[in-house]
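Close look at the chain arrangement
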Amino acid sequence: MVDVEKIEKRAVRSFYDDGLVEIALGLVVLLLGGYFFAQAVVPEGSALGAALAGLFVLVILSAGFFVNRLLRFLKRRITYPRTGYVTFKKKELSPKRRAATVIVAMIISAGLAALYGLSPTVKVLLPAVNGLLFAVAVLLFANRVGLVRFYVLAAISALIGVAVTAAGVGDIKGISLFYALFGFSLIVSGLAALAVYVLRSPRPEPKTPQTPDAR
């Protein structure tokens, strides 16, 4: 009997074998790190600080657009010529799941906002909170995909967040440092996976047209 679920999971896992997703996400995480660093160095109450706070949603949306475009470009140049193109059937989220997703996102955002509004002793925990949230997200993704390096990235996220908090870097500067280090970790992981993928899947040689024998 054919195990359809196992075949689908293998196909999904193959989409991430080349490490390009990590590279693209790593660049976005680095971008967010730069954004938070800019917030940390800009004086509070200034017009530039208010503008940066208002641009957060735009930064997130632009990052998602950037990841999608960059990933498509790299896949067309590197992956598809080697191992082909795989399409997945899009699964529409039910209204209940959409509502649950929105509610969870609102709870997480409200929780982070509440933490930031508390005393400075609590604010310094924000890098650890971000690290643990990323660790949970990456761990759930690792369970879905089944690639060992994502489990390692989940552990790295938690370790970086806790280490930055323990070092006493600060709240916003600590968050920016966490994003910078974790983004760098994603890129290194992606580049290592890409190197292995390219070695294992060389680009096929172009077929030369056969000429008929002269008689």
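Residues numbered from 1 in each chain as written. Predicted model: local features only at pLDDT ≥ 70, side-chain atom pairs only at ≥ 80, totals over all residues. Heavy atoms only, no water.

The next thing to look at is the nonpolar core. Membership of the largest hydrophobic core comes to 36 residues, with the highest contact counts inside it found for Tyr16, Leu20, Phe36, Phe150, Tyr179 and Phe182. Within the residue set of this core, elements represented by two or more residues are α2 (20-41), α4 (56-83), α7 (126-145), α8 (148-167) and α9 (172-200). Considering every element that reaches this core, the biggest residue donor is α2, with 9 residues. Aside from chain neighbours lying at most four places away, what touches phenylalanine 182 is Val29, Phe134, Val138, Leu153, Ser157 and Ile160. (Core = buried A, V, L, I, M, F, W, Y, C linked by side-chain atoms within 4.5 Å. Buried < 20%, exposed > 50% of the residue type's maximum accessible area, 1.4 Å probe, protein only. Helix = DSSP H or I, 4+ residues; strand = E, 2+ residues; numbered from the N terminus. Contact = heavy atoms within 4.5 Å.)

This part takes up the side chain of serine 189. For serine 189, the position within the fold is in helix α9. Exposure remark for serine 189: the relative accessible area of 14% places this residue in the buried category. Each residue touching serine 189, except ones within four places of it in the same chain, is listed here: Glu22, Arg149 and Leu153.

The grouping of Leu27, Leu30, Phe66, Phe184 and Val188 at the surface amounts to a nonpolar patch, some 430 Å² of accessible area in total. Looking at the nonpolar patch, the elements that each hand over two or more residues are α2 and α9. On the secondary structure map, phenylalanine 184 appears in helix α9. (Patch = residues over 30% accessible without salt bridge, like charges linked within 9 Å, V, L, I, M, F, W, Y side chains within 5 Å. Areas by Shrake-Rupley, 256 points an atom, 1.4 Å probe, with all protein chains shown as cover. Salt bridge = Lys/Arg side-chain N within 4 Å of Asp/Glu carboxyl O.)

Pairing is possible between side chains that carry opposite charge, provided their charged atoms lie close to one another. Per the counting criterion, the structure on display carries 2 salt bridges. We note a salt bridge from aspartate 18 to lysine 75, for which the minimum N-O separation is 2.7 Å. In this pair, aspartate 18 is assigned in the loop between α1 (4-15) and α2 and lysine 75 in helix α4, connecting sequence segments 57 residues apart. This pair shows no difference in class: aspartate 18 is buried, exactly as lysine 75 is. The shortest N-O distance in the salt bridge between arginine 149 and glutamate 22 comes to 2.6 Å. With arginine 149 in helix α8 and glutamate 22 in helix α2, this pair connects stretches of sequence that are 127 residues apart.

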